[in-house]
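Architecture and fold: a report
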Amino acid sequence: MKKTLIYSFFYLLITTTPFLAVKFSQNFTKPLIVMIIFISSIARISIHFLVFLNLKLFKEKIYKISFLMFFIIISFILSSGSLWIMHHLRTNMSNQHETLFRNN
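Residues numbered from 1 in each chain as written. Predicted model: local features only at pLDDT ≥ 70, side-chain atom pairs only at ≥ 80, totals over all residues. Heavy atoms only, no water.

**Things to note about the environment of Leu20**
Quick reminder of the rule: The numbering of helices and of strands both runs from the N terminus, where a helix is a DSSP run of H or I of at least 4 residues and a strand a run of E of at least 2. The classification of residues rests on relative accessible area computed with a 1.4 Å probe and restricted to protein chains. Under 20% of the type maximum is buried, over 50% is exposed, and intermediate values are partly exposed.
Relative to the helices and strands, Leu20 resides in helix α1 (residues 2-23). When its relative accessible area of 46% is taken as the criterion, Leu20 is described as partly exposed. Separated by 13 residues in the primary sequence, Leu20 and Ile33 have C-alpha atoms spaced 9.9 Å apart.

Right, here's the structure in full:
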């Protein structure tokens, strides 16, 4: 129980870090903010896999390799997909914002 609470607190900290980095973005450069978001997303995924889904490292080597490959693929898909969605959302929303104010 104590271990789960510690990991839950750590997960909450990792989740709020990117939001605070974006909120106070005048203090950081854009590449640093992207790196903070990317690293925190990988940390969140690893906490989910290892703690909340109870996936432990296996004794047999083939399971370790397959788990590691699965983890790397899922982490890459989720992290890069999230960054891609946010980039295109920002691009499309800023174009819409400019068009709305030009017509008025």
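**Here's the deal with α1**
Put simply, the rule reads: Expected span, for any helix, means 1.5 Å times one less than how many residues it has.
If you check α1, its first and last C-alpha atoms are 32 Å apart, about what 22 residues at 1.5 Å a residue would give, namely 32 Å. By the burial criterion, the buried members of α1 are Ile14, Thr15, Pro18 and Ala21.

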